[in-house]
Amino acid sequence: MTRRSMLGGIAAIGIMASVLWARPGVVKTKDGRTIEGDIIESVDKPDQITVSAHGAQLSIERSNIASLDYTGNVEDEYKRRLAKLGANATAADHLTLASWLFNQKAYDQARIEATAAKKINPQDPNADALIVTINRQQLLDRTQATGTGATGTGTTTVGPVVTPPKPGARHLLTPEQIQTIKQGEMKTDDVGLKPQFTNKVITRYIDFDNVAPADFATNTPFQQAVLILTRGTPEMRQDVKFSNDPSAVEAYKKIQPMLLAGCATSGCHNEQSKTKFLLFTGSEPDVVYTNFYILTQYATTVDKVQHKLVDRTRPNESLLLQFGLPRDRAQFPHKDVVGMRTPFTSAQVGPYQTILNWISNILLPTADYKVEYQIPSGATTQPATAPAPAGVVPPPAPAVPAPPAAP
C-alpha cells in the first residue's frame with residue numbers, strides 16, 4: 001500500500017561545495033512512497049538524492065525514484081533550468097524542458113520551448129506533436145475551469161462519453177468515441193488524415209475566431225482541421241471528423257494481430273476468458289479502436305506499485321513489454337502461469353522492438369481522450385489524466401496479457 005510521508009519545513013543543514021542545489025520538492029519512489037522536503041543533489045553522489053526536513057535526512061538512490069518534482073515557484077525554476085541549458089542546447093534539451101513545463105501547466109512557456117526545439121530541428125515531429133498537445137490541453141483546462149465553451153457564453157462543455165454495456169452484446173466504442181480518439185492522437189505531421197466538416201463548422205469557426213475567409217481558405221483541409229480543433233469550441237470539435245486513421249492507430253493495426261495471436265487466445269484474455277482484462281477479436285474499426293483504447297489506458301499493480309500496460313513516458317517499463325520477457329530478465333515479471341511461454345527471449349527481438357518503437361516514437365507523449373469505457377467484465381478503465389504518468393485507476397488485481405510470441 002502506498003504510504004505518504006509528510007515532511008514539512010526546511011531543515012538547517014551544512015551545504016558543502018559539492019551540493020548543486022537544495023529546493024523544496026516531492027519525490028515518489030517505485031515502492032509507492034511520496035516524500036516531501038528539501039531536495040539536495042550533490043556532485044559527489046550523482047546516483048542519489050537527499051531529502052531533508054525537520055532536521056532529518058533521507059538518502060534515496062535514483063534507481064528507486066519514480067518521479068521527482070520541485071514545488072517552488074515554476075517561473076523561477078524555469079529560469080534556472082533554461083540558464084543551465086546554455087547556448088549549445090539541443091532540440092531534445094528544449095523538448096525536455098517543454099515537457100516539464102507542460103507537466104507544471106505552464107503552457108505558454110512550454111510552447112516557447114517546444115517552438116525553440118522546432119527552430120533547431122525543423123524535422124523533429126515531436127516538437128509539432130507537443131505544440132498540438134499544449135494547445136489542446138490549454139483550451140481543455142480553460143473550458144473545464146469555467147464550465148463554459150471557449151466562447152465564454154455559457155455553452156456547456158462536452159463531458160466524458162459514457163457507454164454502459166448491453167447485456168449479451170459486444171461492448172465496443174461508439175463512432176463518436178472513435179472520433180474523439182482520432183482527434184486525441186492526431187499529430188501535426190499526420191497530413192494524410194482526411195477531415196470531414198459538418199454542420200457548417202468552417203463558417204462558424206471563421207466567425208468565432210474573426211478570421212478572414214480568404215485567409216482561412218489558403219490552408220489545406222488538414223490545416224483547417226488543426227485550427228478548429230486547437231482554437232475552436234468543444235462543439236466545433238465535434239463537427240470535425242476524420243475518415244481515416246492517425247499514424248498512432250495505423251501503426252497499432254500492424255501490432256494488433258500479434259497481440260491477438262498471443263494475448264487473446266483461448267483461456268487467456270479473449271472474450272470467453274474470466275480475467276478482468278480482455279481484448280476483442282476482429283479487425284473491424286470499432287474493434288481496433290476499442291482494443292487500442294484498452295491497451296493505452298489500462299494499468300495494474302505489480303509489487304504494490306501501479307504500472308501502465310503502455311507507458312508513454314517510460315516506454316521500456318510498459319507491462320506490455322515487460323510481461324513478455326523471461327521472468328529473470330524482466331524488470332516487472334508476469335506472474336507465474338502454468339504452461340505460459342514467454343514470447344520475447346530478450347528486448348532485442350523484432351516484435352519487442354516493434355512495440356517499443358510504437359510506444360516511444362509514434363504515440364503522442366500524452367493523450368487525454370475524456371472517454372469513459374466500461375469493459376464487459378465490469379471493470380472500468382479510466383481516461384488518463386494529462387500528463388500521462390499517472391491517473392489510470394485499475395480494477396482490483398487484474399491479470400494483464402503477455403505480448404505475442406516472437407517468430
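Keep in mind that what you see is a predicted model, and the values were worked out from it rather than measured.

### Overview of the nonpolar core
Proteins that are soluble and globular tend to have nonpolar side chains buried together. Of all hydrophobic cores here, the largest spans 46 residues; its most connected members are Leu173, Tyr252, Leu259, Phe292, Leu295, Ile355 and Trp358. When residues of this core are traced back to their parent elements, those giving at least two are helix H5 (175-185), helix H10 (247-262), helix H11 (285-297), helix H12 (319-322), helix H13 (350-362) and strand S12 (371-374). Sequence-distant contacts of Leu173, that is, excluding residues within four places in its chain, are made with Ile178, Ile181, Asp286, Tyr289, Thr290, Tyr293, Val371 and Tyr373. One finds Leu97, Leu101, Leu130 and Ile131 within the second-largest nonpolar core, a separate group that totals 17 residues.

### Observations regarding the packing of helix H1 (residues 74-85) against helix H2 (residues 91-103)
Where H1 contacts H2, the two axes come as close as 11 Å, and the packing angle between them is 170 degrees. What the angle tells us is that H1 and H2 run roughly antiparallel. Here Val74, Glu77, Tyr78, Arg81, Leu82 and Leu85 of H1 come into contact with H2, specifically with Asp93, His94, Leu97, Trp100 and Leu101. Residues that form the contact of H1 with H2 fall into these classes: 7 nonpolar, 1 polar and 3 charged.

### Describing the confidence of the model for the chain
Taken as a whole, the chain shows an average pLDDT of 73; of its residues, 71% reach a score of 70 or greater. Below a pLDDT of 50 lies the segment residues 146-168, which in the model reaches 41 contacts outside its immediate sequence neighbourhood of four places, other chains included. Across residues 378-407, where pLDDT falls below 50, the model places 104 contacts with residues more than four positions away in sequence or in other chains.

Rules used in this analysis
Residues numbered from 1 in each chain as written. Predicted model: local features only at pLDDT ≥ 70, side-chain atom pairs only at ≥ 80, totals over all residues. Heavy atoms only, no water. Core = buried A, V, L, I, M, F, W, Y, C linked by side-chain atoms within 4.5 Å. Buried < 20%, exposed > 50% of the residue type's maximum accessible area, 1.4 Å probe, protein only. Helix = DSSP H or I, 4+ residues; strand = E, 2+ residues; numbered from the N terminus. Contact = heavy atoms within 4.5 Å. Axes fitted to C-alpha atoms, helices over the stretch in contact; angles between N-to-C directions. Parallel < 35°, antiparallel > 145°, perpendicular 65-115°, else oblique. Nonpolar A, V, L, I, M, F, W, Y, C, P; charged D, E, K, R; others polar. pLDDT = per-residue confidence, 0-100.

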